[in-house]
Amino acid sequence: MKTLKFIAILFFISFVACKNQEGKKMEDQVLKPDTTYTIETAKNYAELSIKEGGYWEGREYMGGTFKNVTELKVPTEHTDHSWYIRYEGPGWESNKVAYRLYLDWRNCIDIFGKVTDSIILPKVGQDGFDSYHEKSEWGQDILKAGKGLGIGAIGRYVNNEVLHFNDVDSTFAKVENSINKSTVTVNYYGWETLNDKTDFSSVLTITPNQRYTKHTIQASKEMEGICTGIVKPGVKYFTKESNNKKWGYIATYGKQTLAVEPDNLGMAIFYEIETVAEVTEWEHDHLIVFKPSTKEISFYFLGAWEQEKDGIKTETDFLSYLDGLLNELNTNNSL
């Protein structure tokens, strides 16, 4: 009789344990979200698209069709308007805004304004080099970079002039996508300016539901004048530092887009004050000049277009938005 009771108890314990395990499996299935990245459901995306099947004729790539790649060593023939890289460099976007980096000597960053919260970069530049300068169902290129840095790009400010990436031994680019962020990494080897030579890395990261890009830079040699900035289109300019002097921003706001009838665009860069030597300007850009360092330096830049879905429509609302981000930076030291 005791043996039967013992067997019954063991059976009951096993039954409960199995039920608990089944319950945990069901709970895991319910509570754990799908973490697989798919472009159909993504709110962030980065891409790099180059031509294949054609040929180089001097500095231009003739023929061929575009193919997305995750990594690229930039050919020595490549320069501006080579027609080799779709929209001239890597692009990255959130569900609010898209950016592109000119992967050549200009090294400036441009803005694609979006009127949708869907991923748009795979559509950009497929039907012709200049098509994205015209209004389309997804939006358009809205920033005229000219001879400036665009927004948040890197140069070297020396003798009242910003030097770009005219002389580089080699350049490598890589894009990565995950459900929480998309990243563009560019490594420049042997960037030479005024007889100074450095290796330089640039990591650009965007996350869902945000306009800003986190830009982390690092030089292999301490050099004066490494800078970032915002192109000067002749609109209102703002600067602000926090009360505790940890972070600050520079910003512009006004009718400064490439639309047929220019409309409102706000641009801003948030910088950590202790990393900065000066905030200044030159002919083409409002500038933030960093202190010489071989350590990583991170800052944030953003564009806010009034035509984006649920966009910021007024200067007052734009400045309020910036103040909210500034407060977050001063609380958390990151966004």
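Residues numbered from 1 in each chain as written. Predicted model: local features only at pLDDT ≥ 70, side-chain atom pairs only at ≥ 80, totals over all residues. Heavy atoms only, no water.

(A) Representation of the sheet that holds strand β19 (residues 264–272) in the model. With respect to topology, nine strands assemble into an open sheet ordered β5-β12-β13-β14-β15-β22-β19-β18-β17, the strand pairing being antiparallel. Both edges of this open sheet fall to β5 (71–73) and β17 (236–241), since each of them pairs with a single strand only. The sheet shows a mean angle of 15° between the axes of neighbouring strands, taken without regard to direction. Inspection of the sheet shows strand β13 (residues 182–193) paired to strand β14 (residues 196–206) by 10 bridges, in the antiparallel sense. The residue of β14 that forms the bridge with Val184 is Leu204. Together, β17, β18 (247–255), β19 and β22 (297–305) form the strand contacts of helix α2 (residues 315–332), whose direction differs from that of β18 by roughly 165°. (Pairing = 2+ DSSP bridges. Helix = DSSP H or I, 4+ residues; strand = E, 2+ residues; numbered from the N terminus. Axes fitted to C-alpha atoms, helices over the stretch in contact; angles between N-to-C directions. Contact = heavy atoms within 4.5 Å.)

(B) Here's a closer look at the pairing of strand β1 (residues 44–52). For β1, the buried fraction is high: eight of the nine residues fall into the buried class. Two elements, β1 and strand β4 (residues 65–69), share five bridges in a ladder whose sense is antiparallel. Looking at the pairing, Glu52 lines up with Thr65 of β4. (Buried < 20%, exposed > 50% of the residue type's maximum accessible area, 1.4 Å probe, protein only.)

(C) Spotlight on the pairing of strand β12 (residues 170–177). Summarising the sheet, β5 and β12 pair through three bridges and their orientation is antiparallel. Looking at the pairing, Leu72 lines up with Ala173 of β12. Judged from the eight bridges that link them, β12 and β13 form a sheet pairing that is antiparallel. If you follow Thr171 over to β13, its bridge partner there is Tyr188.

(D) Region of interest: the sheet that holds β1. What the six strands build is an open sheet, ordered β4-β1-β6-β7-β8-β9; its pairing is antiparallel. Because the sheet does not close on itself, it has two edges, and the strands there are β4 and β9 (139–141). Shown here is a sheet whose adjacent strand axes are inclined to one another by a mean of 25°, direction ignored. Where strand β8 (residues 109–114) and β9 come together, three bridges link them in antiparallel fashion. Its bridge partner being in β9, Phe112 is matched across the sheet by Asp141.

(E) Focus on unusual backbone geometry. Within the chain, Tyr87 stands out as a residue other than glycine whose phi angle is a positive 45°. If you trace the backbone, Tyr87 turns up in the loop between β5 and β6 (91–94). On the accessibility criterion, Tyr87 (2% relative accessible area) is buried. Within the chain, Asn209 stands out as a residue other than glycine whose phi angle is a positive 70°. Note on placement: Asn209 falls in the loop between β14 and β15 (213–219). On the basis of relative accessible area, Asn209 is assigned to the partly exposed category, the value being 39%.

(F) Structural detail: the pattern of salt bridges. What the rule picks out here adds up to 17 salt bridges. Between Arg100 and Asp141 there is a salt bridge, and its shortest N-O distance comes to 2.8 Å. Residue Arg100 is located in strand β7 (residues 97–101), and its partner Asp141 is located in strand β9; the two are separated by 41 residues in the primary sequence. When sorted by exposure, Arg100 lands in the same class as Asp141, which is buried. Here Arg211 ties to Glu308 by a salt bridge, and the two come within 2.7 Å at their closest N and O atoms. (Salt bridge = Lys/Arg side-chain N within 4 Å of Asp/Glu carboxyl O.)

Any link to function would need more than the numbers given here.
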